[in-house]
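Remarks on the overall topology
Here are the chains, one letter per residue:
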Amino acid sequence: MFASILQENATSSNKLATGSPESRVAIVTLWSKVSEMAKKVPPDRYAVMGQLFSAERGLDLLVRNLLANPQIGGLVVTGVDFSKSGIVLLDFFRNGFERGETKITRKPVWRVKSEFEGYIGLDIPADALESLRTSVAAVRVPDIATFDFAGLQLPAATREKRVFEKADEQVQARVGEQAGHVVRGKTVAEAWLKILDAILKFGRESETHYDEPQREILNLLSIIEEEDPANFFIPDYLPCDASRIRAYIPRITRDLPGGIHQNEYTYGSRMRSWFGTDQVKRAVDKLSREPVSRAVVIGLWDPTKDLEIGGSPCLNHVWLRLAGDKLVMTCIFRSHDMFEGYPENAFGLRTLQEEIRQELEQRLRRPITLGELMILSQSAHLYRDTWEWAQHVTRDHLHRRHLERLDPRGNFLIAANHGEIVLEHTGPGGEKIGEFRGRSGEELRDHLVRADAVSLPAHALDLGLEIMKAEVALKAGLPYVQDQPLALHGLQRPPEVPVPAQRTDQIPARPAAPAVALAAPANPRSPVRFTARIPGGRVIKEGLVPTENQRMQYIKILRAARIDSFVHRPG
């Protein structure tokens, strides 16, 4: 019989269906369910059947199992191939493999010679993989129900049994969006720390024109909310001090020449004289005449030169908008060194924003407040020589806290009564702006997702915990108070299970889970309404079970959940 080297705690999706011990054929169903495919094939036609969801992870296990079972000489690949794992599997037998590395963690592996990714551990020697390739015939079969197993030609070559147990891996890596990150900070320094953290975690490594790799996020939007231009917050951990920032600011706010060569410039010169006009002055004029205008744009990109010669400006676009009495400024950088360049750029742009605000206030003769400075960095990158420094800075100075800022989409007051969970949605000032009602966490989750009512991950996690507590309180008949522990002392303590005497150095036995009452139907094929109770008679779950088999499965689930974990145990 086929001997699997899958770990005992493998998930159900990794389980194998076994057929005849006499067969030399294995069937790979890719993404199609084994249980469904097995209905189409007599069990005497195959020795084992299993799925292959991913060639990046699953191919390695498949190869190890085949090497441990040399009786397998035929591999029938069938089913739906969502992830191209079937293509990679066949390419392994057709094209072979070579040394390479994984895409995300850069771990050295054997990589299948295929247009798609497929990895095998380097602990399996190349000669073992070659013996597998020559001793197995792999075929793709569209319809397993009509396949002629008798016509499958098995190779004459054989191989020895070789067992390569898969070692546990200690991996620390992250994956995430390559484009579209949003970072918020009250100050430039706070935003900068979060930017470094995001690029270190989620940035993709790529090459540059400077023969030095970078980590890069595309289109990273940073929003600076409260930086005071009259009193910049410049902590010691920034790569620039106050004197350096003061020297840099005029390069953005003033018409300073960039040098003696034709294409040398400062951002200030590009905005104020490069195109033969002072765009900043004209922008203020336009907003003074038309405060509601959405067409106040300052451009720094010169299409007559910047597409042909090097040294084109990184800052390309400044957009000004009066949102009521608040001046908002959006700046777009095509390429942005986020370690050294970003802080100076942000302080300079904030100063320019403040100067424009003051001029508008005088022109419009009404108070104008300073709104957000938004910087869209189309290529937000860190060069390799800054990675270690950035890691130290974020480790020492970026301290993320639970609910460190209020959700701009509002907050919730939560109550549980009369069989319902009620979420009163309040705005930033506390005014009620809406309401959500539901009898379960799942129902409320769907309402909140449809309304797009939560923007911060920390807020969403906190809200989920509170809704879960409210649902438990409803089902168990307990009082619920938001942000307070459940009063679990209202539940009766289950009877203690006697345990035999033992030495003091032994771990005490855990009390048995409480019994779950679930009445059996008179007709095992007919649906039955069930009531699950914990000791003391409180109902914790009600529902309808269609079949006897599902009734028994539900009993197992409730027992495995150990409902006694909800019981308050003094001391």
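Everything that follows concerns the structure shown earlier in this document.
Residues numbered from 1 in each chain as written. Predicted model: local features only at pLDDT ≥ 70, side-chain atom pairs only at ≥ 80, totals over all residues. Heavy atoms only, no water.

With respect to the side chain of Glu216
Tracing the sequence through the fold places Glu216 in strand β11 (residues 214–224). Of the side chains with opposite charge, Arg204 lies nearest to the buried Glu216, which makes no salt bridge, at 9.3 Å. In this structure the side chain of Glu216 is engaged in a polar contact, spanning 2.5 Å, whose partner is the side chain of Ser379. Not counting the four nearest positions on each side in its chain, Glu216 is found in contact with Ile199, Gly203, Arg204, Ser206, Ser379, Ala380 and His381. (Helix = DSSP H or I, 4+ residues; strand = E, 2+ residues; numbered from the N terminus. Buried < 20%, exposed > 50% of the residue type's maximum accessible area, 1.4 Å probe, protein only. Lys, Arg positive; Asp, Glu negative; His and termini not counted. Salt bridge = Lys/Arg side-chain N within 4 Å of Asp/Glu carboxyl O. Polar contact = N/O pair within 3.5 Å; in protein donor to acceptor, adjacent residues only side chain to side chain. Contact = heavy atoms within 4.5 Å.)

Quick notes on the environment of Lys286
If you trace the backbone, Lys286 turns up in helix α9 (residues 279–289). Along the backbone, Lys286 and Val296 are ten residues apart, and their C-alpha atoms lie at a distance of 7.0 Å. Leave out the neighbours within four places in its chain, and Lys286 touches Ser293, Ala295 and Val296.

Re the sheet that holds strand β18 (residues 420–426)
Strand pairing in a sheet takes place through backbone hydrogen bonds and is either antiparallel or parallel in direction. Across the sheet, three strands lie side by side as β17-β18-β19; this open sheet has antiparallel pairing. In this open sheet, the two strands that pair with only one neighbour each are β17 (411–417) and β19 (432–438). Neighbouring strand axes in the sheet, compared pairwise and without regard to direction, differ in orientation by 20 degrees on average. Sheet analysis places β18 next to β19, joined by six bridges and oriented antiparallel. Bridge assignment links Val422 to a residue of β19, and that residue is Arg437. Set on the sheet, helix α12 (residues 441–451) makes contact with β17, β18 and β19; between it and β19 the angle comes to about 145 degrees. Across the sheet, helix α13 (residues 457–476) is in contact with β17 and β18; its angle to β17 comes to roughly 10 degrees. (Pairing = 2+ DSSP bridges. Axes fitted to C-alpha atoms, helices over the stretch in contact; angles between N-to-C directions.)

Observations regarding the nonpolar core
The biggest cluster of nonpolar side chains holds 59 residues, and the ones touching the most others in it are Trp192, Tyr267, Met271, Leu320, Tyr342, Leu349 and Leu382. With ten residues, helix α5 (residues 188–202) is the largest single contributor of residues to this core. Residues contacting Leu349, with those up to four places away along its chain left out, are Ile252, Leu315, Met329, Cys331, Phe333, Leu373 and Ile375. Leu30, Ala47, Trp110 and Val112 belong to the second largest nonpolar core, which has 30 residues in total. (Core = buried A, V, L, I, M, F, W, Y, C linked by side-chain atoms within 4.5 Å.)

Some details on unusual backbone geometry
Although it is not a glycine, His418 sits at a positive phi angle of roughly 55 degrees. Relative to the helices and strands, His418 is located in the loop between β17 and β18. A positive phi angle, near 65 degrees, is found at Asp483, a position not held by glycine. If you trace the backbone, Asp483 turns up in the loop between α13 and β20 (528–533).

A few points about the environment of Arg64
Within the secondary structure, Arg64 is located in helix α2 (residues 58–68). Residue Arg64 is classed as buried on the basis of its relative accessible area, which comes to 2%. Remark: the alpha-carbon pair of Arg64 and Ile120, spanning 56 residues in sequence, is separated by 9.1 Å.

Section: the packing of helix α3 (residues 85–95) against helix α4 (residues 126–135)
Across the interface, α3 lies against α4 with an axial gap of 9 Å and an inter-helix angle of 95 degrees. Between α3 and α4, the angle is such that the two are roughly perpendicular. For the pair formed by α3 and α4, the contact residues are Phe92, Phe93, Arg94 and Asn95 on the first element and Leu129, Leu132 and Arg133 on the second. Among the residues making up the contact of α3 with α4, the classes are represented as four nonpolar, one polar and two charged. (Parallel < 35°, antiparallel > 145°, perpendicular 65-115°, else oblique. Nonpolar A, V, L, I, M, F, W, Y, C, P; charged D, E, K, R; others polar.)

Notes on the pattern of salt bridges
Oppositely charged side chains may form a pair once their charged atoms are brought near each other. Under the defined criterion, the tally for this structure stands at 32 salt bridges. Taking the shortest distance from any N to any O, the salt bridge between Arg437 and Glu420 comes out at 2.8 Å. With Arg437 in strand β19 and Glu420 in strand β18, this pair connects stretches of sequence that are 17 residues apart. Here Glu466 and Lys469 are joined by a salt bridge, their closest N and O atoms 3.1 Å apart. With Glu466 and Lys469 both in helix α13, this residue pair falls three residues apart, about one helical turn. Side by side, Glu466 and Lys469 carry an identical accessibility label, which is buried.

Thoughts on the layout of surface pockets
One number sums up the size of the second largest pocket: a volume of about 900 Å³. Every element with two or more residues in the lining of the second largest pocket is listed here: β9 (182–185), α5 and α13. Of all the elements, α5 adds the most residues to the lining of the second largest pocket, at five residues. Of the residues belonging to the lining of the second largest pocket, the class tally is ten nonpolar, five polar and ten charged. (1 Å grid on protein atoms, 1.4 Å probe; cavity = no way out; pocket = protein on both sides within 12 Å on 5 of 7 lines; lining within 4 Å. Points joined across faces, edges and corners; volume = space filled by probe spheres on them.)

Note that all results are geometric; they support no functional claim without further evidence.
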